[in-house]
Amino acid sequence: MTNSWTDIKNTDLVIVMGGNAAEAHPCGFKWVTEAKHHRGAKLIVVDPRFTRTASVSDYYAPIRPGTDIAFLMGLIRYMIENDRVQWEYVKAFTNASFLVKEEFGWSDGLFTGYDEEKRDYDKSSWDYQIGPDGYMLTDPTLQHPRCVWNLLKAHVDVYTPEMVERITGTPQDRFLKIAEMIGECSSPTKTMTSMYALGWTQHSKGAQNIRGMAMLQLILGNIGVPGGGMNALRGHSNIQGLTDLGLMSNLIPGYLNIPTEKEPDWATYMKSRAFKPLLPGQTSYWQNYPKFMVSFMKSMWGEAAQKDNDWAYHYLPKLDVPAYDMLRMFELMDQGRVNLYFCQGFNPLLALANRNKNTSALSKLKMLVVMDPLETETARFWENHGAYNDVDTASIQTEVIQLPTSCFAEDEGALVNSGRWLQWHWKASDMPGQAKYDTWIMAQIFLRVRELYRKEGGAFPDPILNLTWDYADEHEPSPDELAREMNGRALADVYDLADKTKLLTAAGRQVKSFAELRDDGTTASGCWIYSGSYNEDGNNMARRDNSDPSGMGVYSNWTWSWPLNRRTLYNRASADLQGQPWDPSRPIIAWNGERWEGNDIPDISPTAKPGEVMPFIMNQEGVSRLFSRGMMRDGPFPTHMEPFESPVQNVFNDRMRGNPVARVFASDVEKMGTSDEFPFVATSYRLTEHFHYWTKHNKVNATLQPEFFVEISEQLAAEKGIERGGRVRVWSKRGEVWAKALVTKRIKPMICDGKTVHVVGIPLHWGFVGAAKKGWGPNSLTPFVGDANIETPEFKAFLVNIEPAVGEAVS
Amino acid sequence: MNIDLSRRGFLKLAGAGVAATSLGAMGFGKAEAAELAHVRDFKLAQTTETRNTCPYCSVACGIIIYARPDDTGARRVVHIEGDADHPTNRGTLCPKGAALKDFVNAETRLTEPMVRRPGSDRFEPISWDEALDRIARAIKDDRDANFLATNELGVPVNRWTTTGFLAASATTNETAWLTYKVVRSMGIVGFDNQARV
Ligand code: SF4
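Going by the annotation in an unreviewed UniProt entry, the name recorded for chain B is Molybdopterin oxidoreductase, with Paracoccus salipaludis given as the source organism. According to the UniProt record, the Subcellular location (unreviewed entry) comment for chain B is "Cell envelope". Its UniProt record gives chain B a comment under Sequence similarities (unreviewed entry), which states: "Belongs to the prokaryotic molybdopterin-containing oxidoreductase family."

If you check an unreviewed UniProt entry, chain A appears there as Formate dehydrogenase-N subunit alpha from Paracoccus salipaludis. Chain A has a UniProt comment under Subcellular location (unreviewed entry) that states "Periplasm". A UniProt comment under Sequence similarities (unreviewed entry) is attached to chain A, and it reads "Belongs to the prokaryotic molybdopterin-containing oxidoreductase family."

What follows is the structure, encoded as structure tokens:
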């Protein structure tokens, strides 16, 4: 989230699209209720199903799964055509005026540079025109035909209300009513917030869905302002933290990158990370990358990381592919190229796309190690449960080791909520039986492996032998020690860069914030964005002062948020070019003639003059990007792409299937279905009473929602002769499930491109262990393809068929 | 951090106080001391109250966990409720958070290390030591056999692709950081977490 849960109360309009907050994030959704009640805010919901969020909305529109980009581009077109633009914001704080290369263009649903063979774009034309001084060419009048604004205008021109209806199935009158409601928020004193979740990410073009809304929010001037923003409602309680800490193939904590093979040394790696400002006087904060990177290397390898060995650069692996994400690993596993796999609190048998493939892949491992507080289907993937897990146990040669761990009630530490608050929690009870902390388990594994390398030698032991491990008890690193390590400390005295006589932090002390990190090896910090969370003031994540003097839901002294305890990202953009709040009734920061001050930590240097230094300090441009250059693989603007499995052709290009640059493994191509065989669109979702595959272990939740079902419209039920509560079989090209039919009015058929489209809703909470009845989940059916940029699997739009099932009803 | 214990102390005294006062009013003033000894402690007197957050969704509602020692002296969760001081949820919980106690005390909580041998149809207990030794040996052997030090151009790449690690979604940052250190130090690139899906 750019903002926080409690900030939602400041909004005038909430749009929930790509999420279902009332059911999936109920207590956060209360802030929408608060805004409706106290501010008279309105709520719009756009969703294939009439969800419980929709049931309390002011306006609802249905949409065909996987067509959000067309809807969003239609909205942008409406704003431009009807002059619903926050002009001062757009002109000053976005790249609308930047000139783009002459060669860039779009036709037949594709941008310039497409190579069908490689399934990739040559992105060289997707860039700005740079002048001889190294800065960009701009036209502040927005008249130049090659400026971003005019290219955007041309790009969205095709998304007329008629076209939106044709692609998305949303009736024009509903689309127009929503556009009109949203258009009001182009006023500097009216704000819309976007709340989205996996309904937008689980698509082969998920990242472009989110960009589409971010662009709309910029055009309305809603980023950085109270009650505005792009608010990703993260799934699990510490998905945000695990992402911040870079537990991904290609990441280093704090959104730094693991090098690739094309960066054989430190100098080459750093060269592409110079982040020189593209306009004079701009901050371009990533220029500090070397300080964060060196501090990370010192944190990992201490004395072994020195300037003359490139800070132990070769201790880091170098990637040959963009990432060994989970889909790639299961593909490799299925090819027999992975031997050993660890699942720490993760149940991929049910969570990853295409369950049959998951089972086949896990069966080829030599060893699977599962660490979890609960039984999981993954740990028992080899166990036969009849139709629910029909495997040939004896033929599966995988050794499985299952290790019992603590759960939240039994440990101490911080979780990061959606609003980036690092909230510390404390141990309340003891672990059952022989269960252990994950930290203890990781320490045991590490110490044993290190010992083997000490004794036996072996492949490149250096990064293992030299890993810093200076914990008081090497077997049980404490949360306190680890939190301090992430914050970072001075290894030598750290002086002010502007005044070399001024000591900032003495050797051995915790750094106050990342402003004190250095690239000369005198500081260590595990995760630079967490610097400040645990400094000499103590553990700031444990703070519990819930006062809110401004009354705006800032809660600055409640726990700690990254970066620098800032609660609203880009908050400099909440004020105009003179530094005064766009809306004086909702001020978060303002320029007092000398400095920025207010209710939140300014997201800019405190003395940066408002007319000179622009608000988007992490970007080289200093402003935000309506045109994203070559930063995303599938285009600098979002363009409509069908899901890989779709009931209709792409209206712009009938040869194009799905996202033209998304990675598809050869073995999965033949597993894609077409609409002749699988005429219905399926989408997955969660229920209020359950959380993924955990709560089925709880008697209360298992009683509230005991049994797997699929949800269909009355029309589809009639067409297929399916009875209310009757048993149905649902199948895709990849698998099949049996379920009880929930026949509702919440899903209605839509007309898309002249064709009737039926939607089948598939909730995801059942498996074959736990207290609930045995069942299946959507991943028995879903395709093994991910988003082109980040490889999140396409769970939200795929094709199935359905029929009344012979045999017993499920219950 | 437990809440200031004075609340429990206060309840204990208040309970005794009520009994004694009413006895006194009924003319049994001298029985006060004897009665005090008979008044049963409130159950709350033995429970600890601990601040925590709901581990399910990213709203991260504040909760208070009530725990009491069982027969063996181990502290067990007896009740969980919303934390009224928490700015996000202000004491409220959804149907998931309200039933958290069932997760902590679920019958399907794991209590001892288990191993399923190749081809077997059951899990059998294994000691921690043996389990960890087997894992460490498997790591060492697979890494030594498959670690790629350089690519075909001779560029050092130091990666290991035949072992992968999926990290959790609800463990603490502190666990995540230690996990990061261990996994990265070995050169594992098949590293991912629940944010992917
Ligand atoms: S109680 Fe419900 S809304 Fe609150 S964090 Fe838990 S799952 Fe989320």
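Now, onward.
*Asks:* Can you help me understand the domain arrangement of chain A in this one?
*Replies:* A common measure of how large an interface is: the accessible area buried when the components associate. Residue and element names in this part refer to chain A. Split into domains, chain A comes out as domain 1 (5–99 + 158–236) and domain 2 (663–804). Using C-alpha coordinates to define each centre, domain 1 is positioned 26 Å away from domain 2. Contacts between the two partners involve 29 residues from domain 1 and, on the opposite side, 30 residues from domain 2. Residues Asp-753 and Arg-166 are paired through a salt bridge, measuring 2.7 Å at the closest nitrogen-oxygen approach. Our enumeration of links across domain 1 and domain 2 arrives at 10 residue pairs in polar contact (both at pLDDT 80 or more). The set of elements that each furnish at least two residues to the side of domain 1 that touches domain 2 consists of α1 (21–24), α7 (161–168), α9 (198–201) and α10 (206–219).

*Asks:* Whenever I open this one, helix α13 (residues 289–301) of chain A confuses me. Can you help?
*Replies:* Residues lying three or four places apart along an α-helix face the same way, a consequence of the helix completing one turn every 3.6 residues. Residues and elements named next belong to chain A. With 13 residues, α13 should cover 18 Å at 1.5 Å per step; its first-to-last C-alpha distance of 18 Å lies within 8% of that length. In terms of burial, α13 is largely enclosed, as 12 of its 13 residues are buried. Buried within α13 are the following residues: Tyr-289, Lys-291, Phe-292, Met-293, Val-294, Ser-295, Phe-296, Met-297, Lys-298, Ser-299, Met-300 and Trp-301.

*Asks:* I'm lost on the UniProt feature "domain: 4Fe-4S Mo/W bis-MGD-type" (unreviewed entry) in chain B in this one. Help?
*Replies:* As annotated in UniProt, the feature "domain: 4Fe-4S Mo/W bis-MGD-type" (unreviewed entry) corresponds to residues 47–108 of chain B in the numbering used here. Structurally, residues 47–108 of chain B is divided into 8% helix and 35% strand, and its ends, taken at the C-alpha atoms, are 25 Å apart.

*Asks:* Is there a simple way to think about the pairing of strand β1 (residues 13–17) of chain A in this case?
*Replies:* Residues in a regular strand project their side chains so that they alternate between the two faces of the sheet. All names here are of chain A. For β1, a buried count of 5 out of 5 residues is recorded, marking the element as mostly surrounded by other parts of the structure. Neither face of β1 is left uncovered, since the one carrying Leu-13, Ile-15 and Met-17 and the one carrying Val-14 and Val-16 both have all their residues buried. Bridge analysis of β1 against strand β2 (residues 42–46) gives 5 bridges, and the strand direction is parallel. Opposite Val-14, over in β2, you have Leu-43 as the bridge partner. Summarising the sheet, β1 and strand β8 (residues 192–196) pair through 4 bridges and their orientation is parallel. Bridge pairing links Val-14 to Thr-193 in β8.

*Asks:* Any chance you could explain the interface of chain B and chain A here in plain terms?
*Replies:* Contact with chain B, which involves 116 residues of that partner, is made by 171 residues of chain A. In terms of surface lost to chain A, no three residues of chain B exceed Leu-110, Trp-177 and Arg-196 of chain B, which account for 7% of the buried area on that side. Viewed at the interface, chain A and chain B are joined by 12 salt bridges. Residue Glu-485 of chain A pairs with Lys-181 of chain B through a salt bridge whose shortest N-O separation is 2.6 Å. Connecting chain B to chain A are 87 residue pairs in polar contact (both at pLDDT 80 or more). Examining the composition of the side of chain B that touches chain A, we find that 16 residues originate from one element, helix α4 (residues 128–146) of chain B, more than from any other.

*Asks:* Can you walk me through the environment of Tyr-495 of chain A in this structure?
*Replies:* Residues and elements named next belong to chain A. Secondary-structure assignment places Tyr-495 in strand β18 (residues 494–495). Note on Tyr-495: relative accessible area 33%, which makes it partly exposed. If we skip the residues at most four places from it in the chain, Tyr-495 touches Lys-500, Thr-501, Lys-502, Leu-503, Leu-504 and Arg-518.

*Asks:* Honestly, the UniProt feature "domain: Molybdopterin oxidoreductase" (unreviewed entry) in chain A in this entry has me stumped. Any pointers?
*Replies:* Taking the UniProt record as the reference, the feature "domain: Molybdopterin oxidoreductase" (unreviewed entry) is found at residues 1–381 of chain A. Along residues 1–381 of chain A one finds 36% helix and 12% strand; the C-alpha atoms at either end are 36 Å apart.

*Asks:* When you look at the packing of aromatic side chains in this model, what are you seeing that I'm missing?
*Replies:* Each aromatic ring pair is characterised by the separation of its centres together with the angle its planes make. Residues and elements named next belong to chain A. For the structure shown, the criterion picks out 59 aromatic pairs over all chains. Seen in terms of ring centroids, Phe-71 and Phe-175 are 5.2 Å apart; in terms of plane orientation they differ by 85 degrees. Their pairing is edge-to-face. With a gap of 104 residues between them, Phe-71 in helix α4 (residues 68–81) and Phe-175 in helix α8 (residues 172–183) connect regions that are remote in the sequence. Here Phe-71 matches Phe-175 in class, with each residue buried. Each ring, one from Trp-286 and one from Trp-528, has its centre 5.5 Å from the other, and the planes form 75 degrees; the classification is edge-to-face. Taken together, the residues Trp-286 in the loop between α12 (266–271) and α13 and Trp-528 in the loop between β20 (523–524) and β21 (534–535) connect sequence positions 242 residues apart.

*Asks:* What's the story with the pairing of strand β33 (residues 798–804) of chain A in this structure? I'm lost.
*Replies:* Residues and elements named next belong to chain A. Here β33 lies mainly inside the structure; 5 of its 7 residues are buried. Bridge count for strand β26 (residues 680–685) against β33 is 3 bridges, and the pairing is antiparallel. Paired with Ala-682 across the strands is Phe-798, a residue of β33. With 4 bridges connecting them, strand β28 (residues 727–731) and β33 associate as antiparallel partners. Its bridge partner lying in β33, Arg-729 is registered against Glu-803.

Reading guide: rules and limits
Residues numbered from 1 in each chain as written. Chains lettered and ligands numbered in written order. Predicted model: local features only at pLDDT ≥ 70, side-chain atom pairs only at ≥ 80, totals over all residues. Heavy atoms only, no water. UniProt positions renumbered as here; feature names shortened; annotations may be inferred. Domains from an automatic or database assignment. Contact = heavy atoms within 4.5 Å. Salt bridge = Lys/Arg side-chain N within 4 Å of Asp/Glu carboxyl O. Polar contact = N/O pair within 3.5 Å; in protein donor to acceptor, adjacent residues only side chain to side chain. Helix = DSSP H or I, 4+ residues; strand = E, 2+ residues; numbered from the N terminus. Expected span 1.5 Å × (residues − 1). Buried < 20%, exposed > 50% of the residue type's maximum accessible area, 1.4 Å probe, protein only. Pairing = 2+ DSSP bridges. Buried area = accessible area lost by both parts, 1.4 Å probe. Phe/Tyr/Trp six-rings, centres within 6.5 Å; stacked < 30°, edge-to-face > 60°.

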